[in-house]
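Structural description and commentary
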Amino acid sequence: MKAITANPETIREVFSKRYIIPDFQRPYSWDNDPCEKLWDDIIDFYEGKETKEDKYFLGNIVINPASNLSYEAWEVVDGQQRLTTLLLLIKALHSRAGTVKALEECLRIKDPLTSELTDELRVSSFVISQDREDLHTILLGGTEPAKSHLLDNYKLFGEKIDEWWLSQGQTAEALNRLILTLLDSVVLLPIHCGSEDDALTIFETINNRGMSLSDADIFKAKLYHNIPQEDQAAFIEDWNALEDHDWLFRVLMHILRAKTDETGKEIGLRSYFTAQKGILGDYASIMRSLKIIHAVNVNWYGGDEINALWRIMETYPNYYWNFPLFVFLHKYGAFEEEGGFSLPEDHLPQFLELLNATVRYFFIKGLVYNAVNAVKDTVYRVCADIEQERDYLASYEANISRNDRTVLDAILHGDLRRRYQRGIVLLSAYLNPGQNRKAFSQFMDGKYDIEHILPKKWNNYDGWTDDLWREQLNNLGNLIPLGRALNIAAKNEFFERKKGEYAKSDVQDARDLIMLPEWTPDALIESQEEKIDRLLKYFQVEL
């Protein structure tokens with residue numbers, strides 16, 4: 001194997017080179033979901049970035065020098081989906097900031113003599129002609145392809161940029177800061193291999209065995225070492241039946257910390273499980289706990305209210321809300337190898353009360369402070385209180401101040417923080433007094449979007465002005481959850497036409513709109529006040 005090098009490169013540096021997608025690769029296949037996640041991750045990083053030195057790592061690509069070409073290029077063995085998607089995002093940004101030449105240089109090759117940009121793209125696909133032609137058309141202009149993942153994702157990025165930019169006042173300064181963040185603070189790790197054979201070997205290693213041992217791999221080896229030989233085969237079978245081992249151990253760490261009444265600063269996962277002598281020695285107890293956590297993740301249904309609230313919390317931008325819930329379920333739940341996990345009936349009301357308290361605490365702190373550090377210490381205390389059978393609800397309440405609730409009222413009346421918008425819209429809909437909880441729980445298990453009643457592509461009707469539209473577009477009164485198929489059908493239509501799709505929804509917030517003749521500014525404000533009243537009552541704010 002020839003020398004292999006790997007150094008982080010910014011997006012600007014990555015797209016200063018030329019890439020070939022070889023014909024053995026599969027066609028471009030990303031749909032909207034990974035593109036939405038990519039956009040959300042970049043915006044979250046942009047909003048939380050504190051210094052120019054902060055970097056967001058986007059993953060690796062595996063490349064080797066392309067042969068039999070008249071020009072220098074890199075053949076992409078792994079990473080074509082990511083590279084192609086980044087091109088679509090760059091093009092969507094460029095179409096809104098056409099004077100930013102740095103973006104255009106990421107898309108197109110320079111002529112080596114004149115330094116003028118040519119019509120040759122930085123990424124060329126040899127997979128199938130349609131991919132190549134569609135990408136060329138989208139990036140350089142021409143007749144749009146009739147149906148294409150590439151076009152769908154390009155349009156999605158355009159919508160996301162427009163929505164975000166509108167929230168920033170559509171200033172050139174905001175757009176330029178985002179562009180510079182993408183180009184100079186988002187990094188990839190290109191793994192440069194000497195040959196295609198080497199690249200394929202590295203690709204197989206990364207995807208099958210992992211480039212380096214994960215925390216869970218280390219723990220697995222230590223557990224295996226402690227198991228009697230006659231039980232080792234059963235252990236491997238049990239281990240392979242579990243998914244996302246690193247997450248299971250992270251939850252388990254908080255369960256074990258609670259058992260020892262540990263409320264101090266959290267340490268690294270590997271340090272926790274390897275520094276404490278003997279913690280992995282009781283392999284039977286460890287495996288039983290992992291199975292419980294896994295069973296809750298995979299197939300536990302605690303009822304319509306619990307499922308709906310849990311799904312709402314899954315929209316939350318950090319994962320700390322999980323730990324108190326898992327500590328409770330691990331302590332009071334029952335588990336059987338055949339029957340899986342269950343929570344005894346007498347503990348269900350107690351758990352629902354904890355879940356509601358968790359929802360309240362996290363959304364209040366998220367909306368007011370927008371920082372993960374605002375919740376960590378309380379989470380550690382609540383976990384220990386649950387395990388030690390102290391008043392854990394009081395620990396939540398003690399860390400919500402009167403000022404938090406006062407500030408919350410003002411925040412709900414304005415543009416919602418983008419990171420919490422989806423969860424708040426869902427929670428408000430769940431709290432609608434006419435909402436059927438079973439129907440909402442089933443709705444949450446499917447695919448849905450947040451629908452703008454007053455559309456993001458505005459027309460002058462129903463008493464709206466440009467200023468009013470800009471002011472109210474992302475306010476709570478203008479947002480409802482809607483099943484994805486219905487949202488696609490309703491998208492950017494006039495209100496009267498949208499009502500036909502709203503009538504088909506299981507979400508009462510959508511159905512409540514059917515009787516309205518028009519969606520006027522007054523109707524939006526009335527809807528907003530009603531939704532805010534629901535939320536403030538839920539958040540226990542004095543009205």
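Small disclaimer: the values here were computed from a predicted structure and weren't measured.

A separate point is the overall build of the protein chain. Along the protein chain, the regular secondary structure elements total 26 helices and 13 strands. At 26 Å, the protein chain has a C-alpha radius of gyration in line with the 24 Å of a compact globule built from 543 residues. The principal-axis extent of the C-alpha atoms belonging to the protein chain is close to 75 × 75 × 40 Å. Within the span of the protein chain, comprising 543 residues, buried residues form 52% of the whole. In the protein chain, the proportion of contacts linking residues at least 24 apart, taken out of those at least 6 apart, comes to 72%. Accessible surface for the protein chain amounts to roughly 25500 Å². Of this, 47% is attributable to carbon and sulfur atoms. Of note, the protein chain has its 61 positive side-chain charges centred 2 Å away from the centre of its 87 negative side-chain charges.

Here the focus is the environment of Pro 190. Of note, Pro 190 is situated in strand β9 (residues 186-192). Pro 190 gets classed as buried once you look at its relative accessible area, which sits at 1%. Taking C-alpha positions, Pro 190 is 23 Å from Ser 70, a pair spaced 120 residues apart along the chain. Other than its neighbours up to four places away in sequence, Pro 190 contacts Thr 5, Ala 6, Asn 7, Glu 9, Val 14, Ile 61 and Ile 63.

Moving on: the nonpolar core. If you look at the biggest cluster of nonpolar residues, it comprises 96 residues, and the most contacted ones within it are Phe 249, Phe 273, Phe 351, Phe 362, Leu 427, Phe 440 and Phe 539. Among residues more than four places away in sequence, those in contact with Phe 249 are Ala 216, Phe 219, Leu 223, Trp 239, Leu 269, Phe 273, Leu 280, Ile 286 and Leu 290. Among the nonpolar cores identified, the runner-up in size contains 52 residues, and Ile 11, Ile 63, Val 100 and Leu 107 belong to it.

The next subject is the pairing of β9. Burial analysis of β9 places 7 of its 7 residues in the buried class, the great majority of the element. In β9, alternate side chains face the same way, and those of Val 186, Leu 188, Pro 190 and His 192 on one face and Val 187, Leu 189 and Ile 191 on the other are all buried. Sheet topology note: the strand β2 (residues 9-10)/β9 ladder contains 2 bridges and is antiparallel. Of the residues in β9, the one forming a bridge with Thr 10 is Val 187.

The buried fraction of strand β4 (residues 56-65) amounts to 7 of the 10 residues, a majority that puts the element mostly inside the structure. Alignment of β4 against β9, held across 6 bridges, turns out to be parallel. Residue pairing across strands places Ile 61 opposite Pro 190, the latter belonging to β9. With 4 bridges joining them, β4 and strand β5 (residues 74-78) adopt antiparallel strand pairing. Bridged to Ile 63 within β5 is Val 76.

If you walk through the whole model with that rule in mind, you get 1 cavity of 30 Å³ or more. Taken as a whole, the largest cavity spans an internal volume of roughly 60 Å³. In terms of lining residues, the largest cavity is bounded by Ile 21, Tyr 28, Gln 80, Thr 84, Ser 125, Asp 131, Leu 135 and Leu 150. Taken together, the elements giving at least two residues each to the lining of the largest cavity come down to α3 (80-94) and α5 (129-140). Considering only residue class, the lining of the largest cavity consists of 4 nonpolar, 3 polar and 1 charged.

Attention now goes to the state of the cysteines. Taken as a whole and judged by the stated rule, the model has 0 disulfides. The thiol of Cys 106 is unpaired, and the distance to the nearest cysteine sulfur, on Cys 35, comes to 18 Å. Residue Cys 106 is classed as buried on the basis of its relative accessible area of 2%.

The next thing to look at is unusual backbone geometry. In this model, Gln 170 sits at a positive phi of 55°, which is unusual for a non-glycine residue. Structurally, Gln 170 is set in the loop between α6 (149-167) and α7 (172-185). Using a relative accessible area of 38% as the deciding quantity, one classes Gln 170 as partly exposed. Not every positive phi belongs to a glycine, and Glu 389 is a case in point at roughly 60°. Within the element layout of this structure, Glu 389 appears in the loop between α17 (373-387) and α18 (392-398). Residue Glu 389 is classed as exposed on the basis of its relative accessible area of 59%.

Every α-helix carries 3.6 residues per turn, so stepping three or four residues along brings you back to the same face. The first and last C-alpha atoms of helix α13 (residues 283-299) sit 24 Å apart over 17 residues, in line with the 24 Å expected at 1.5 Å per residue. Of all the residues in α13, the buried ones are Ile 286, Met 287, Ser 289, Leu 290, Lys 291, Ile 292, Ile 293, His 294, Ala 295 and Val 296.

Take the pattern of salt bridges next. Evaluation of the coordinates by the stated rule reveals 33 salt bridges. Put simply, Glu 120 and Arg 18 hold a salt bridge, and the shortest N to O gap is 2.4 Å. One end of the pair, Glu 120, is in strand β7 (residues 117-121); the other, Arg 18, is in the loop between α1 (11-14) and β3 (19-21), and 102 residues separate them in sequence. Judged by relative accessible area, which is 40%, Glu 120 ranks as partly exposed. Residue Arg 18 is classed as buried on the basis of its relative accessible area, which comes to 11%. Arg 96 is the partner of Asp 162 in a salt bridge, and the nearest nitrogen-oxygen pair spans 2.6 Å. Of this pair, Asp 162 sits in helix α6 while Arg 96 sits in the loop between α3 and α4 (101-107), and the two are 66 residues apart along the sequence. Within this structure, Asp 33, Lys 447, Asp 449 and Arg 484 form a network of salt bridges that share partners.

Before going further, it helps to examine the packing of aromatic side chains. Evaluated as defined, the whole model comprises 31 aromatic pairs. A centroid spacing of 5.2 Å and a plane angle of 85° characterise the contact between Phe 249 and Phe 273, whose relative ring orientation is edge-to-face. Of this pair, Phe 249 sits in helix α11 (residues 245-259) while Phe 273 sits in helix α12 (residues 269-275), and the two are 24 residues apart along the sequence. The class for Phe 273 is buried, based on a relative accessible area of 2%. Grouped by ring-pair contacts, the aromatic residues Trp 300, Trp 310, Trp 321, Phe 326, Phe 328, Tyr 332, Phe 341 and Phe 351 constitute a single cluster.

Parameters and conventions
Numbers given for residues are sequential positions, taken from 1 along each chain in its written order. It should be noted that, the model being predicted, local features are given only for residues of pLDDT at least 70 and side-chain atom pairs only at 80 or more, the latter also being counted only at that level, while totals for whole chains, interfaces and linings use all residues. Hydrogens and water are ignored here; the side-chain numbers use all heavy atoms of the structure. Labels follow the DSSP assignment, with helices taken as runs of H or I lasting at least four residues and strands as runs of E lasting at least two, numbered in each case from the N terminus. When we talk radius of gyration, it's over C-alpha atoms, and the globule rule is simply 2.2 Å times the number of residues to the 0.38. Accessible area is worked out with a 1.4 Å probe on protein chains only. A residue is then buried under 20% of its type maximum, exposed over 50%, and partly exposed in between. Contacts were defined at the residue level, with two residues in contact if any of their heavy atoms lie within 4.5 Å. A 1.4 Å probe and the Shrake-Rupley method give the accessible areas. Residues count as covered only by the protein chains that appear here. The charge count includes Lys and Arg as positive and Asp and Glu as negative, but it does not include His or the ends of the chains. Charged groups are reduced to one reference atom each: NZ for lysine, CZ for arginine, CG for aspartic acid, CD for glutamic acid. The term nonpolar core refers to a set of buried residues drawn from Ala, Val, Leu, Ile, Met, Phe, Trp, Tyr and Cys, joined through side-chain atoms within 4.5 Å. A pair of strands is labelled paired if DSSP reports no fewer than 2 bridges between them. Think of a 1 Å grid over just the protein atoms. A cavity is a set of points where a 1.4 Å probe fits yet cannot get out, a pocket is an open set with protein on both sides within 12 Å along at least five of seven lines, and lining residues have an atom within 4 Å of a point. Grid points are joined across faces, edges and corners, and a volume is the space filled by probe spheres set on the points. In this count, Pro and Cys sit with the nonpolar residues alongside Ala, Val, Leu, Ile, Met, Phe, Trp and Tyr, while Asp, Glu, Lys and Arg are called charged and the others, Gly among them, polar. A pair of sulfur atoms, both from cysteines and within 2.5 Å, is called a disulfide here. Take the number of residues in a helix, subtract one, and multiply by 1.5 Å to get its expected span. Should a side-chain nitrogen of Lys or Arg be within 4 Å of a carboxyl oxygen of Asp or Glu, the pair is scored as a salt bridge. Any two of the Phe, Tyr and Trp rings considered here, Trp counted by its six-membered ring, make a pair once their centres fall within 6.5 Å; the pair's planes then place it as stacked at under 30 degrees, edge-to-face at over 60, or tilted in between.

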